[in-house]
Number of protein chains: 2
Amino acid sequence: MEYFKCSSEELEKEYAALKKRYKDEKGKGLSLNMARGKPGKEQLDLSLKMLDVMNSKSDFIGEDGMDCRNYGIFHGIDECRKLFGEILGVPSNSVMVGGNSSLNMMFDTISCMMTKPIVEGCKPWYEVPDRKFLCPVPGYDRHFGITQYYGFEMIPVPMNENGPDMDIVERLVSNDESIKGIWCVPKYSNPNGITYSDETVRRFASLKPAAKDFRIMWDNAYCIHDITDTPDKLLNIVDECRKTGNVDLPVLFCSTSKITFPGAGVAAMAASSNNMKVFAARYNYEIISYDKLNMLRHVKFFGDFNGVLKHMEKHKAILKPKFDIVLNTLDKELKPTGTANWTNPNGGYFVSVDVMEGTAKRVVHLCRDAGVVLTGAGATYPLGNDPHDSNIRIAPTFPPNNELEQAMDIFCTCAKLAACEKLLGKI
Amino acid sequence: MEYFKCSSEELEKEYAALKKRYKDEKGKGLSLNMARGKPGKEQLDLSLKMLDVMNSKSDFIGEDGMDCRNYGIFHGIDECRKLFGEILGVPSNSVMVGGNSSLNMMFDTISCMMTKPIVEGCKPWYEVPDRKFLCPVPGYDRHFGITQYYGFEMIPVPMNENGPDMDIVERLVSNDESIKGIWCVPKYSNPNGITYSDETVRRFASLKPAAKDFRIMWDNAYCIHDITDTPDKLLNIVDECRKTGNVDLPVLFCSTSKITFPGAGVAAMAASSNNMKVFAARYNYEIISYDKLNMLRHVKFFGDFNGVLKHMEKHKAILKPKFDIVLNTLDKELKPTGTANWTNPNGGYFVSVDVMEGTAKRVVHLCRDAGVVLTGAGATYPLGNDPHDSNIRIAPTFPPNNELEQAMDIFCTCAKLAACEKLLGKI
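The rules behind these values
Residues numbered from 1 in each chain as written. Chains lettered and ligands numbered in written order. Predicted model: local features only at pLDDT ≥ 70, side-chain atom pairs only at ≥ 80, totals over all residues. Heavy atoms only, no water. Helix = DSSP H or I, 4+ residues; strand = E, 2+ residues; numbered from the N terminus. Rg over C-alpha atoms; globule rule 2.2 N^0.38 Å. Buried < 20%, exposed > 50% of the residue type's maximum accessible area, 1.4 Å probe, protein only. Contact = heavy atoms within 4.5 Å. Areas by Shrake-Rupley, 256 points an atom, 1.4 Å probe, with all protein chains shown as cover. Lys, Arg positive; Asp, Glu negative; His and termini not counted. Charge placed at Lys NZ, Arg CZ, Asp CG, Glu CD. Polar contact = N/O pair within 3.5 Å; in protein donor to acceptor, adjacent residues only side chain to side chain. Domains from an automatic or database assignment. Buried area = accessible area lost by both parts, 1.4 Å probe. Salt bridge = Lys/Arg side-chain N within 4 Å of Asp/Glu carboxyl O.

Our next topic: the overall build of chain A. Secondary structure summary: chain A contains 13 helices and 13 strands in total. Its C-alpha atoms give chain A a radius of gyration of 23 Å, within 12% of the compact-globule value 22 Å for 427 residues. Dimensions of chain A, computed from C-alpha atoms along their principal axes, come out at roughly 75 × 55 × 35 Å. The buried share of chain A, reckoned over its 427 residues, is 64%. Of all intrachain contacts in chain A linking residues separated by at least 6 positions in sequence, the fraction that spans at least 24 positions is 76%. Total accessible area on chain A is roughly 15800 Å²; 49% of this is exposed by carbon and sulfur atoms. When the 52 basic and 55 acidic side-chain charges of chain A are each reduced to a single mean position, those positions are 3 Å apart.

Structure, rendered in structure tokens:
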């Protein structure tokens, strides 16, 4: 039944039925979690053999002849830079391999530009009191958190089916010197799973920012994380920037957190030589070297880029049924009501659901009371402020499939219940 | 022969003999390195079995019930916090376990205070244009590098046999609000191997800095790194600060870089709850979690603190002969000349040699030309500026013993050669 076309009587009836259903579900005393983009146990088990390739009988010598157990090589071992170069589609000499967290490298990158100018003659961002950052919405809460921590005014830019609205991006950055950057998850973006169109990438590469030190934070977290057999293709921004002469614009990030182990993977970044000179000047004081044994462990496990891609097929086989459960339940339960919209991504880690305007907080609250933890409503907006109180990020990867089914049933009950409440003027 | 008592004729003769000896040594075409405090291969091999305790058949569940392969727990797993708590002599709930580098945690700590006040109402240090940091000399070049990077004026404080000259420290910090901290390696200090006396630690705990946000960077890098059977004892600064009510003064650091693997160890820090609140507010945005598998790997390998101490006995057995080679060669070759002084440490990684004033740079240069790489002369002073051009840090741990013998022979030849040159007015 399409809620907007219902009479009050019909809605009251539906509401009563949903209340009963909700009470039943709540009575089960469940404890389910769809809050964060965490790989499930089955996915973690895919990389178990990686722990065996490095043992007491191993050779610890990297391609550059160094004992990887010891200090040295702060930009990472050659074979690992090469592997990440292929993953990111950039020359390996533009890659720096870090610790286990690309978020940490993004934080360091912003932190660096806060106190040192990335372009000679520009002010460090700390000295720009009205500094601003563009935040495509819905987006990744931890990105927004970094620029929040560093006191940026965050300007939301709406996402459409091609990526961030480039008319708005172009207008803003070309007029305001205090806008210093933009957060991007260009492929299977967090949370709506959209991949930036070729035109969007080209327009990014052609930006003419008023700020000489404007940087695109290009977090390619899901660059090889397909879940369907019709994967998206993302244009290579570094190639496009070479054509436009804007090579210093993007800074790229990725990691193996969702390839091997989130808690024990390897992260990397890539940037132009001008940018890298400034970042390396900091890393040179910041650390002697990151964990080279873990870099070598990853390279030995995968062999080469092709080995990584084969490994990703196994993740896909595990993730596809999970996304099917989410999408099928939404289709069955919410579609008929006409109260919600959601994305149908070809990869990534999330399904972004827009429930009825003004009910997202209520839905998350109802779910929590019934034992289902979701990402907080509003989390996909800077400062947690979703002006429509509508977007909820579903993270289906962590729960086992039977739990995911239960959790999605409860989610849909709650979404419908909240919609009825709203339409009936009860909230 | 005591050089200062020699006639010019005797010195010229000695000089000629040394020149010949130097030429012979140079002719061997050696390539030896005593530059950095790197453990040698034999030491690295002590921890090989650590790589076997974590394999594809392992249980990855930590004491807090979490799968250590996945995201979560940004302050580190409980059992690892406990272990570092024992190493540092502090409650485990004041410990944060990080990545593989304590230097990285120190950088982050200074970086944090650059842009956020550690004490409410104080200015972030970025906003203190004449910010200063105390640097006991000789000291650790990488410490000085961090405060150099962040634009501090670095004030050298001379070290004596009890640690930094506390009369000077007390006078400086009590009068100047722009002095924000001091670098300390309190046990087996880098490079002179001195352990701070009980009185020094108590005077640190009793400091009354003019700056409310003054912090002691207490890098306990060599806290359990003895090399003789008469180890030094360091008073626990956290206990002393509890007595004086100065609990927020010190921030403690250590790592397993010189216990297991420099390139793949685990680092930790500890601080009061007031301090940790500010640091954690940053870490919360900076990272989701550090490498928990490597934490668990370390805990499984050692079992407990006692296991760590037993392990350190094995390091001692390897290091003692190396320090003996250095000290015996210095005794035999340099002592009779009366031109140099050095320390005789009970632990740590270095022997600090003061060659004849005005010759350190020359000695390092001569050594390099003969194939022996030393830490740059002056490196133990802020900005590399040793006013006496006298201090050289010898790092004997990395070369195999036979190479170390050769390297020390060459070092002594060069030190004597440079002393002759100086006394004869040739440099």
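Now that the structure has been shown, we can carry on.
Residue and element names in this part refer to chain A. The residue Thr329 is located in helix 11 (residues 305-334) in this model. Taking the relative accessible area as the measure of exposure, Thr329 reaches 12% and is therefore buried. It is 7.7 Å that separates the C-alpha atoms of Thr329 and Cys412, two residues lying 83 residues apart in sequence. Beyond its immediate sequence surroundings of up to four residues, Thr329 is in contact with Asp324, Leu334, Met408, Asp409 and Cys412. A polar contact of 2.5 Å, which involves the side chain of Thr329, links it to the backbone oxygen of Ile325.

A word on the domain arrangement of chain A. Residues and elements named next belong to chain A. We note that the domain assignment places domain 1 (3-44 + 309-423) and domain 2 (61-303) within chain A. Here the C-alpha centroids of domain 1 and domain 2 sit 30 Å apart. Summed over both sides, the interface of domain 1 with domain 2 buries roughly 2700 Å², with 64% coming from carbon and sulfur. Looking at the side of domain 1 facing domain 2, the largest losses of area belong to Met312, Asn346 and Pro382, adding up to 24% of the total buried there. At the surface where domain 1 touches domain 2, the tally comes to 2 salt bridges. Among the ionic pairs, Arg36 bridges to Asp141, the shortest N-O distance being 2.8 Å.

With that settled, the discussion passes to the interface of chain A and chain B. Taken together, the contact between chain A and chain B spans 61 residues of the former and 61 residues of the latter. Buried surface at the junction of chain A and chain B, both sides included, amounts to about 5200 Å², of which 54% is carbon and sulfur. The three residues of chain A that bury the most area against chain B are Arg69(A), Tyr149(A) and Tyr285(A), which together make up 16% of that side's buried surface. Viewed at the interface, chain B and chain A are joined by 2 salt bridges. With a shortest N-O distance of 2.7 Å, Asp45(B) and Arg69(A) are connected by a salt bridge. Put simply, the parts of the chain that give the side of chain A that touches chain B at least two residues each are helix 2 (41-45), helix 4 (102-115), helix 5 (141-149), helix 9 (273-286) and helix 10 (292-302) of chain A. Of the residues forming the side of chain A that touches chain B, the biggest block, 7 residues, is contributed by helix 4 of chain A.

Right, let's talk about the pattern of salt bridges for a bit. Residues and elements named next belong to chain B. Across all of its chains, the model carries 54 salt bridges over all chains by this definition. One salt bridge in this structure joins Glu170 and Arg203, with 2.7 Å as the shortest N-O distance. With Glu170 in helix 6 (residues 166-175) and Arg203 in helix 7 (residues 198-205), this pair connects stretches of sequence that are 33 residues apart. Under the relative-accessibility criterion, Glu170 is labelled partly exposed at 26%. Judged by relative accessible area, Arg203 falls into the partly exposed class, the value being 21%.

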